Amino acid sequence: MPNMGRYCKAYTVKSLREFAGWSENAANARPADDAEEGSAPRTLTDDDFLYLQENYVVTDGIFIDENVIFDSVTPEWTDFCHQTLGFEVPEYAKTPQAAAGAQGAAEPQAAAAQS
């Protein structure tokens, strides 16, 4: 059964292809909407949309573990996502562990500001 992540955001294939290290597993693309079951995946064009998941994997659909197109998550890729695409996972969608880490990091600054 497919898993839904906590957060994803759609981007055009064209914008994702701007990343120098981009490579896509086109064989994992969903078939065209009008294709018969079991038919070949559709060809991804610059105007198609893919989904950047909270774990920085790119999928052809909203599920975090299906139709994975790109999964070479590197520091360069995450920098591209933040700096070029403006991708940020909102606080409400972060895992409890990640949210606690971000909150813990902010607490010393808040304490220092009160001194």
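Below is a summary of the structure that appears in this document. Just so it is clear, the model here is predicted, and its values are computed rather than measured.

## Comments concerning the sheet that holds strand E4 (residues 68-70)
For step 1, the next point in the chain: Pairing within the open sheet is antiparallel, and its 4 strands lie in the order E1-E2-E3-E4. In the strand order of this sheet, the two ends are held by strand E1 (8-12) and E4, each with one partner.
For step 2, the next point in the chain: Two strands pair when backbone bridges link them, and E1 and strand E2 (residues 49-53) are joined in this way by 5 bridges, in the antiparallel orientation. Directly across from Thr12, in E2, lies its bridge partner Phe49.

## Looking at the nonpolar core
Across soluble globular proteins, you tend to see nonpolar side chains buried next to one another.
For step 1, the next point in the chain: In terms of nonpolar packing, the biggest core is built from 21 residues, with Leu16, Trp22, Leu50, Leu52, Val58, Trp77 and Phe87 touching the most fellow members.
For step 2, the next point in the chain: When residues of this core are traced back to their parent elements, those giving at least two are helix H1 (13-16), E2, E4 and helix H2 (75-83).
For step 3, the next point in the chain: It is H2 that contributes the most residues to this core, 3 residues altogether.
For step 4, the next point in the chain: Beyond its immediate chain neighbours, meaning those up to four positions away, Trp22 contacts Leu16, Arg17, Leu50, Val58, Ile69, Phe70 and Trp77.

## Some remarks on the packing of aromatic side chains
For step 1, the next point in the chain: Overall, the coordinates contain 9 aromatic pairs when judged by the stated rule.
For step 2, the next point in the chain: Relative to Trp77, the ring of Phe19 lies with its centre 5.0 Å away and its plane at 65°, an arrangement referred to as edge-to-face. A residue pair is termed long-range when its members are at least 10 positions apart, and Phe19 in the loop between H1 and E2 and Trp77 in helix H2 qualify at 58 residues.
For step 3, the next point in the chain: Since its relative accessible area comes to 12%, Phe19 is described here as buried.
For step 4, the next point in the chain: Where Trp22 meets Trp77, the ring centres are 5.9 Å apart and the plane angle is 40°; that geometry is what we call tilted.

## Some remarks on the pairing of E2
For step 1, the next point in the chain: Sheet topology note: the E2/strand E3 (residues 58-59) ladder contains 2 bridges and is antiparallel. Looking across to E3, one finds that Tyr51 is bridged to Thr59.
For step 2, the next point in the chain: With antiparallel pairing between neighbouring strands as the criterion, E2 and E3 make up a hairpin whose turn holds 4 residues, including Tyr56 at a positive phi of roughly 75°.

Rules used in this analysis
Residues numbered from 1 in each chain as written. Predicted model: local features only at pLDDT ≥ 70, side-chain atom pairs only at ≥ 80, totals over all residues. Heavy atoms only, no water. Pairing = 2+ DSSP bridges. Helix = DSSP H or I, 4+ residues; strand = E, 2+ residues; numbered from the N terminus. Core = buried A, V, L, I, M, F, W, Y, C linked by side-chain atoms within 4.5 Å. Buried < 20%, exposed > 50% of the residue type's maximum accessible area, 1.4 Å probe, protein only. Contact = heavy atoms within 4.5 Å. Phe/Tyr/Trp six-rings, centres within 6.5 Å; stacked < 30°, edge-to-face > 60°.

Geometry only, nothing functional implied.
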